[in-house]
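# Chain and residue survey
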Amino acid sequence: LHAYDYLAYANLQMGRDEAARAVMAEMKRVEKPADNFAVAFGFAAIPARMALERGAWSEAAKLDMYPARDAYPWDKHPHAEAINAYARGVGAARSKDVAAARAEHQRLIALRDKCKDLKLGYWADQLDIQAEAVSGLVALAEGKQQQGMDLLRKAAAREDATEKHPVTPGPLIPARELLAQALLEQGDAAGAMKEFEAVLVREPNRYRPMLGAAMAADKAGDRERARQHYTSLLQVADGADAARGELVAARKFVGR
């Protein structure tokens, strides 16, 4: 499951959704999975990545726990279960379902406290950052723009100050990426471009920030920078599925 998560992540960064789906299908054929954190993490992360990397917010908001609670000892792995809570919280907030997002925020806080009880200090901090990011998205969904942006900036700074754990190939969705997307949606293209590019320093060749940086640069009137980001995206996603419509737009832009 640990290797499957890395494989799913790699495919999604290259725009190979069907290949990532095949990995998830293979994951669901695993019988008698081991009771350890790396396996639990993979089970939770792969479906979450499938939704979040595609911007399928309503899908993310409704993610089930797999395996089900009566089929796997999730209580021993709150830091893995939190992946589901974070994905659901982001998905719900981005879908403007404030009540559902608040419920997942509270679930993240409870799972954070379980991590503290289990002396999992690193993960308690990570879950606290995720809870802060979801809280920022909730504030934005409620129209509290300044509060939401402040929370996202704080979460992004805290996340940047921590190291990646070996269990994960990369973040589900970085807090700074959420910040950049919010800036773009609010019309601050230059600010969004800066934040997307900051994500790419920490997470090189990540699909969504490359796309976001290109779109933001275009909206900011920096066509050469947009061309550079679109070109990088097309190189990484050279074998992407035809269903990725944004790549069609990228090819047209570079062609012009």
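For the structure, see preceding data.
To keep things clear, this report deals only with the structure shown in the data block. Counting from 1, residues in each chain are numbered in the order their sequence is written. In keeping with the model being predicted, local features are shown solely for residues with a pLDDT of at least 70 and side-chain atom pairs are shown and tallied solely at 80 or more, while totals for entire chains, interfaces and linings include all residues. In computing side-chain values, all of the structure's heavy atoms are included and hydrogens and water are not.

## What about the packing of aromatic side chains?
- Centre distance within 6.5 Å is the pairing criterion for rings of Phe, Tyr and Trp, where only the six-membered ring of Trp is used; planes under 30 degrees apart are then read as stacked, over 60 as edge-to-face, and the remainder as tilted. All told, the structure shown has eight aromatic pairs when counted by the stated rule.
- Seen from their ring centres, Tyr 230 and Phe 253 are 5.1 Å apart, and the 45° between their planes marks the pair as tilted. Of the two residues, Tyr 230 sits in helix α12 (residues 223-236) while Phe 253 sits in helix α13 (residues 245-255), which places them 23 residues apart along the sequence.
- Taken together, the ring pairs in this structure connect Phe 37, Phe 41, Tyr 122 and Trp 123 into an aromatic cluster.
- By definition, being over a ring means that NZ of Lys or CZ of Arg is both within 6 Å of the ring centre and within 35 degrees of the ring normal. The side chain of Arg 244 reaches across the aromatic face of Tyr 207, ending 4.3 Å from its centre. Every helix listed is a DSSP run of H or I at least four residues long, and every strand listed is a run of E at least two residues long, numbered separately from the N terminus.

## As for the side chain of Arg 208
- Residue placement: Arg 208 occurs in helix α11 (residues 207-219).
- The contact criterion used throughout is that any non-hydrogen atoms of two residues lie within 4.5 Å. Among residues more than four places away in sequence, those in contact with Arg 208 are Leu 52, Glu 53, Arg 54, Gly 55, Trp 57, Glu 177 and Phe 196.

## Some remarks on unusual backbone geometry
- Here the residue pair Tyr 66 and Pro 67 is connected by a cis peptide bond, since its omega of -5° sits within 30 degrees of zero.
- Even without glycine at this site, Lys 96 takes up a positive phi of about 65°.
- In this structure, Lys 96 sits in the loop between α5 (78-94) and α6 (98-117).
- Since its relative accessible area comes to 58%, Lys 96 is described here as exposed.
- The backbone of Lys 119 sits at a positive phi, close to 60°, despite the residue not being glycine.
- Note on classification: 1.4 Å probe, protein chains only; a residue is buried when its accessible area is under 20% of the maximum for its type, exposed when over 50%, partly exposed between these limits. Note on Lys 119: relative accessible area 72%, which makes it exposed.

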